[in-house]
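Chain residues, written in single-letter form:
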Amino acid sequence: MSSQRNLPQSKEALLKSYQTRLKDDVKSMLENFEEIGKLAKGESDNQLSKITQCEQDTYEMQVRAANIVRAGESLMKLVSDIKQYLILNDFHSVNEAITANSQLFRQTQADCDKKLMKLRDDMAADLYDLEEEYYTSVFK
């Protein structure tokens, strides 16, 4: 939460709206699920006939199931919104990652340069030895 203290009010308000959306959607899913459970047990005290009551309960279960699906879709949209927020507003960690990768690549480049220089020096020494051997050879 300490990072939120440094946020501008618009970003803090956005994060609070995300939190509110999360609570509302989870609450909706839970309430609808509990009501479906009650309807399935048949805890209604209505004076309707069993067939009419069964039909009414079936329709209400379908509506509540649709409400659960809607809340689930809303949660998926919330996750997408939060990911987008993080991508657009997490420049500090992005910069840290870029800096770390740059340092790693510079170190790798330096290591490769050292190996290439050593290889060049070894080849030059070997070629010099071969040239010396060629010119001093009796088989020319």
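Structure shown above.
Rules used in this analysis
Residues numbered from 1 in each chain as written. Predicted model: local features only at pLDDT ≥ 70, side-chain atom pairs only at ≥ 80, totals over all residues. Heavy atoms only, no water. Helix = DSSP H or I, 4+ residues; strand = E, 2+ residues; numbered from the N terminus. Buried < 20%, exposed > 50% of the residue type's maximum accessible area, 1.4 Å probe, protein only. Contact = heavy atoms within 4.5 Å. Areas by Shrake-Rupley, 256 points an atom, 1.4 Å probe, with all protein chains shown as cover. Patch = residues over 30% accessible without salt bridge, like charges linked within 9 Å, V, L, I, M, F, W, Y side chains within 5 Å. Salt bridge = Lys/Arg side-chain N within 4 Å of Asp/Glu carboxyl O. Expected span 1.5 Å × (residues − 1). Axes fitted to C-alpha atoms, helices over the stretch in contact; angles between N-to-C directions. Parallel < 35°, antiparallel > 145°, perpendicular 65-115°, else oblique. Left-handed = near helix turned anticlockwise from the far one by under 90°. Nonpolar A, V, L, I, M, F, W, Y, C, P; charged D, E, K, R; others polar. Core = buried A, V, L, I, M, F, W, Y, C linked by side-chain atoms within 4.5 Å. Phe/Tyr/Trp six-rings, centres within 6.5 Å; stacked < 30°, edge-to-face > 60°.

A. Representation of the overall build of the protein chain in the model. If you tally the helices and strands in the protein chain, you get 4 helices and 0 strands. When its helices and strands are written in sequence order, the protein chain yields α-α-α-α. When the 140 residues of the protein chain are sorted by exposure, 11% land in the buried category. Long-range contacts, defined as pairs at least 24 residues apart, comprise 75% of the intrachain contacts of the protein chain with a sequence gap of at least 6. When the accessible area of the protein chain is evaluated, it comes to approximately 11,900 Å², of which 60% is carbon and sulfur surface.

B. Looking closely at a nonpolar patch on the surface. Together, Leu116, Leu119 and Met123 give the surface a local cluster of nonpolar side chains, amounting to about 310 Å² of exposed area. With respect to the secondary-structure elements, Leu116 resides in helix H4 (residues 91-136).

C. Layout of the pattern of salt bridges. Inspection of every chain in the model, using the stated rule, returns 7 salt bridges. When the shortest N-O distance is used, the salt bridge between Glu35 and Lys38 registers 3.5 Å. A residue pair is termed a helical-turn pair when its members lie 3 or 4 positions apart in one helix, as Glu35 and Lys38 do in helix H2 (residues 9-41) at 3 residues. Glu35 gets classed as partly exposed once you look at its relative accessible area, which sits at 26%. On the accessibility criterion, Lys38 (42% relative accessible area) is partly exposed. Measuring nitrogen to oxygen at the nearest pair gives 3.2 Å for the salt bridge that ties Arg64 to Glu60.

D. Here's a closer look at H2. Given a rise of 1.5 Å per residue, 33 residues ought to cover 48 Å, and the 48 Å separating the end C-alpha atoms of H2 matches this to within 8%. Buried residues of H2: Leu15, Tyr18, Asp25, Ser28, Asn32 and Leu39, and no others.

E. Examining the packing of H2 against helix H3 (residues 50-89) more closely. Put simply, H2 and H3 touch, their axes get as near as 9 Å, and they point 160° apart. Between H2 and H3, the angle is such that the two are roughly antiparallel. In terms of crossing hand, the pair formed by H2 and H3 is left-handed. Taken together, the residues of the contact of H2 with H3 sort by class into 18 nonpolar, 6 polar and 10 charged.

F. A look at the nonpolar core. Listed in full, the 5 residues of the largest apolar core are Leu15, Tyr18, Leu75, Leu78 and Tyr85. Elements that contribute at least two residues to this core include exactly H2 and H3. In terms of residue count, H3 provides more of this core than any other element does, 3 residues in total.

G. How the structure looks around the packing of aromatic side chains. For the structure on display, the rule yields 2 aromatic pairs. Taken together, a centroid distance of 6.2 Å and an interplanar angle of 85° make the contact between Tyr18 and Tyr85 edge-to-face. Highlighted residues: Tyr18 in helix H2 and Tyr85 in helix H3, separated in sequence by 67 residues. Taking the centre distance of 5.2 Å and the plane angle of 70° together, the rings of Tyr134 and Tyr135 count as edge-to-face.

H. Structural view of the environment of Val69. Relative to the helices and strands, Val69 is located in helix H3. A relative accessible area of 49% means that Val69 is categorised as partly exposed. With 40 residues separating them in the primary sequence, Val69 and Met29 have C-alpha atoms 8.2 Å apart.

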